[in-house]
Amino acid sequence: MRVACFFVPMFPLAARLRSEPELLHEAVVIVEGNGNHAHVVAATRRARKQGIRPGHSLVQARSILPKLIARGRDAACERTAEDALLEVAESFSPRVEDAGDGVAFVDITGTERLFGGQRAAGSGQEGNPEAPPAARRPLPAEHQLAAAAIQAIEAIGLPARVGIAASKLAARVAAELPQTPTVVAAGDEAKFLAPLPLARLSPALEAAAMLQRFGLTSIGDLARLPENEIASRLGEIGRELHFAARGIDPRPLIPRALPPEFREGMELEWPLVALEPFVFIANAALDRLSKRMEIQGFACKRIEITLTLEPDGYDARAIDLPAPTRDVKTILTLIRLDLEKRPPGAPVIGFTLVAHPDRPRRAQLSLFGPAALSPEKLATTIARLISMLGEERVGMPMTVDGHLPERNAIADFAPPPPPDTRRPPPRARGLLAARTFRPPIPVEVITDGQKIASIRGENIEGAVRICSGPWRIEEGWWRDVPASREYWDVELWGGGIYRVYCAGGAEGWFVDARFGV
Amino acid sequence: LTSGAELIRALERRRRDEVVPTTIEAVDRLLEGGLPRGKVTEIAGRGARLSIVVATLASATSIGEAAAFVDLNDAFDPQLGEAAGIDLRRMLWVRPNSLRQAVAAAEMLIGAGFQLVALDAGLPPLRGRVPDAAWVRLARAAEGNGAALLVSAPYPLTGTTSEAMLRAEASRARWRGGLLTAVETTLRLEKHRRKRPGEGARVSFHVEEA
């Protein structure tokens, strides 16, 4: 088996900088603990240049550099960065183990054929047939895979190192080395580990420190000792350590299940009370979500937003999208409108966005028939229109059973696929379309017996030239308030053909349509 | 092509593909076959504009194309649309609240790939105004996506950006036996980039039997 270890150095800092990339070139430290117990766990290059090291207390660090920017460890940032790392790993192999804290093990057995054929990058001789043979030689497949992995991880905003070996332990040690990528040939694990200091092997084991006190400084020193002697002096831990020193790691790779959702979020340094700053931060988070979904070929069909409120409590809401989409602008507009409609009611100090993935809709386009709409484009457009106009104002018109002329309904727009061939359209029926007034315009009417003599209302006024009616319409007699109306068609002397009705009771007269405009 | 008949059929097919016919004979004659794809066509005036828009929507949807109707006055009657031949499953009905929203919606719909977008600005007074540059943007969007854009307004809005402009004169009603039976509108070609303007035609729309 060949295992690649994808390793993000100084993971808490890297995760934070992924969410706040503007801090990348600042002197920043990540601290753990509160008050006087706060201590540095990671520092940017600029802070390290000033002498700040992990383990310093925050007070010590500030005494070295008063303008130091300190950020606490952010569990939400770290979890989403870890998820993003795992998703990149899954684009290289389906068998990925989540080792936590910016480490992922990937079973790359058999994938080397997918990464062949590239030349040494940056040699400048890639396309030159006269270049020396060494420069034209393709990179070994595992080096290419490692280089591609580093590129992919850096594309999601995380620094990366990659080590490849036959065991998880050797791959991890290889990944932690500063020169990256490091590929350990199969069977060379012991030779690779031998010159390295013991601390690299398993820093968590106290036995390693004890062995150093015995005078053993390198992993090779330990590997050369007899296994039985180590086991008799240090017990089971010593045996495991000796195994590790020889490059033997019996732990199998435990692949993780595919996630049912994608999550991004962060804790904020100060509470937000206005919408715009939140939208600004959410835009970056959605952008990251979209890129992660794109890696796996997914689109978002439902987005859940959980806002952490000050001093306590949460505000949770969910938005269903008309069709799966990865369009950040659309999703962000929907979130903005939802927040405007229903504000959280307290300052926001953190947020989590959870995207429920689905496969984007695909359609087979016809060569000879009318052009079909791209489902993803259509979904995005409808979502944007709904966000601009409201759900009830965009959709497919529907006919409704009944008699009232203004009746209408709207449904989700999902056109059937166009026919395979193009045919000429049938001849128009030449129907007169009435321009319906929604709502109807109230008017004052002067009647002359059963006829209307004149009408007056908003933008409608005049004496009636021709009047036709009345026609009686009754609907909903089973309801508490049935509709009972008498309709007339009228043409005014000054021009304009209207449909006028008199509602029963004290409701009065209305114009509900105009013809011929 | 092996014969003249085939050539004629091919040219006819090509011509049909380059326009969206309104299927109203007089209007198609004025517009040289119908609404040109990739261009803006405008119908302005006090005549029966909505009936022409409905007929055009029916024409496009009946051949399987997706069409969008941006209905600023919320004036469309789905029952009548279906009776006129519109395949409602293929028609997206958008009801904006202002002219600005209507123009923005039309631009989005053209970008989404709708082959026919009809924007009806309704009756005066229009709700809001848009700068002239907005019509230039719309025309460019239509050209870029090959969509036919039909603008129906009480007075000319699109200025120099339209390919053709029809003026719909005030309608005259026809009554028979005390019933409104039809409405007649005179259309006049006020502008056409490939044709001499001034031509006119009379179009009649009849009332649907109850």
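The structure we're discussing is the one just above.
To keep things clear, this report deals only with the structure shown in the data block. Treat the numbers as computed from the prediction; the structure is a model and nothing was measured. (Residues numbered from 1 in each chain as written. Chains lettered and ligands numbered in written order. Predicted model: local features only at pLDDT ≥ 70, side-chain atom pairs only at ≥ 80, totals over all residues. Heavy atoms only, no water.)

On a plain count of helices and strands, chain B comes out with six helices and 11 strands. Buried positions account for 61% of the 210 residues belonging to chain B. Accessible surface computed for chain B: about 8,400 Å², of which carbon and sulfur atoms make up 49%. (Helix = DSSP H or I, 4+ residues; strand = E, 2+ residues; numbered from the N terminus. Buried < 20%, exposed > 50% of the residue type's maximum accessible area, 1.4 Å probe, protein only. Areas by Shrake-Rupley, 256 points an atom, 1.4 Å probe, with all protein chains shown as cover.)

This paragraph deals with helix H13 (residues 328–341) of chain A. Residues and elements named next belong to chain A. Counted at 1.5 Å a residue, the expected span for H13 with its 14 residues is 20 Å, and the 20 Å between its end C-alpha atoms agrees. Within the span of H13, buried status applies to Val 328, Thr 330, Ile 331, Leu 332, Leu 334, Ile 335, Asp 338 and Leu 339. Contacts made by the buried residues of H13 are with helix H12 (275–295), strand S10 (299–309), strand S11 (314–325), strand S12 (348–358) and helix H14 (375–389). (Expected span 1.5 Å × (residues − 1). Contact = heavy atoms within 4.5 Å.)

Judged by nonpolar contacts, the single largest core of 50 residues is most densely connected at Val 27, Leu 57, Phe 69, Phe 76, Ile 86 and Leu 116 of chain B. Per-element tally for this core: the top contributor is helix H3 (residues 49–62) of chain B, with eight residues. Other than its neighbours up to four places away in sequence, Leu 57 of chain B contacts Ala 67, Ala 68, Phe 69, Ile 86, Met 91, Leu 116 and Ala 118 of chain B. Ile 386 of chain A together with Ala 105, Ala 112 and Ala 134 of chain B belong to the second largest nonpolar core, which has 42 residues in total. (Core = buried A, V, L, I, M, F, W, Y, C linked by side-chain atoms within 4.5 Å.)

Should the charged atoms of two oppositely charged side chains come close, the side chains can pair. Residues and elements named next belong to chain A. This structure, assessed with the given rule, holds 51 salt bridges over all chains. One salt bridge in this structure joins Asp 338 and Arg 342, with 3.6 Å as the shortest N-O distance. Relative accessible area serves as the criterion here: at 15%, Asp 338 is assigned to the buried category. A relative accessible area of 43% places Arg 342 in the partly exposed class. (Salt bridge = Lys/Arg side-chain N within 4 Å of Asp/Glu carboxyl O.)

As a further point, take unusual backbone geometry. Cis geometry marks the peptide bond from Thr 180 of chain A to Pro 181 of chain A, where omega comes out at 0 degrees. Going from Gly 469 of chain A to Pro 470 of chain A, the amide bond is cis rather than trans, its omega being 0 degrees. Backbone geometry places Met 10 of chain A, a non-glycine residue, at a positive phi of 50 degrees. Within the secondary structure, Met 10 of chain A sits in the loop between strand S1 (3–7) and helix H1 (11–19). By relative accessible area, which is 34% here, Met 10 of chain A ends up partly exposed. Look at Glu 32 of chain B: it is not a glycine, yet its phi comes out positive at around 60 degrees. The topology assignment puts Glu 32 of chain B in the loop between helix H2 (25–30) and strand S2 (35–36). Judged by its relative accessible area of 36%, Glu 32 of chain B falls in the partly exposed class.

The N-to-C vectors of H14 of chain A and helix H5 (residues 99–112) of chain B enclose an angle of 170 degrees; their axes lie 9 Å apart at closest approach. Here H5 of chain B runs roughly antiparallel to H14 of chain A, going by the angle between their axes. Together, Lys 377, Thr 381, Arg 384, Leu 385, Met 388 and Leu 389 of chain A of H14 of chain A and Gln 101, Ala 104, Ala 105, Met 108, Leu 109, Gly 111 and Ala 112 of chain B of H5 of chain B make up the contact between the two elements. The residue makeup of the contact of H14 of chain A with H5 of chain B, split by class, is eight nonpolar, three polar and two charged. (Axes fitted to C-alpha atoms, helices over the stretch in contact; angles between N-to-C directions. Parallel < 35°, antiparallel > 145°, perpendicular 65-115°, else oblique. Nonpolar A, V, L, I, M, F, W, Y, C, P; charged D, E, K, R; others polar.)

In this section: the pairing of strand S15 (residues 434–448) of chain A. All names here are of chain A. In this sheet, strand S20 (residues 508–515) lies alongside S15 in antiparallel orientation, the contact comprising six bridges. For Arg 435, the partnering residue across the bridge sits in S20 and is Arg 514. Pairing of S15 with strand S16 (residues 451–457), which is carried by six bridges, proceeds in the antiparallel orientation. Within S16, the position partnered with Thr 447 by the bridge is Ile 452. A loop of two residues connects S15 with S16, the two strands running antiparallel in sequence, and Gly 449 in this loop sits at a positive phi of about 70 degrees. (Pairing = 2+ DSSP bridges.)

So, about the packing of aromatic side chains. As enumerated under the stated definition, the model contains 10 aromatic pairs over all chains in all. A ring pair is formed by Phe 69 of chain B and Phe 76 of chain B, whose centres lie 5.7 Å apart and whose planes are at 80 degrees; its orientation type is edge-to-face. Overall, the relative accessible area of 0% leaves Phe 69 of chain B in the buried class. In this structure an aromatic cluster arises from ring pairing among Tyr 487, Tyr 501 and Phe 510 of chain A. The side chain of Arg 465 of chain A reaches across the aromatic face of Trp 493 of chain A, ending 5.7 Å from its centre. Positioned above the aromatic ring of Trp 93 of chain B is the side chain of Arg 95 of chain B, whose terminal nitrogen or guanidinium carbon lies 4.2 Å from the ring centre. (Phe/Tyr/Trp six-rings, centres within 6.5 Å; stacked < 30°, edge-to-face > 60°. Lys NZ or Arg CZ within 6 Å of the ring centre and 35° of its normal.)

Of the residues lining the interface, 60 residues belong to chain A; the matching set on chain B comes to 69 residues. Here chain A and chain B share three salt bridges between them. A salt bridge links Arg 438 of chain A to Asp 74 of chain B, with the shortest nitrogen-to-oxygen separation between them at 3.1 Å. Our enumeration of links across chain A and chain B arrives at 23 residue pairs in polar contact (both at pLDDT 80 or more). (Polar contact = N/O pair within 3.5 Å; in protein donor to acceptor, adjacent residues only side chain to side chain.)

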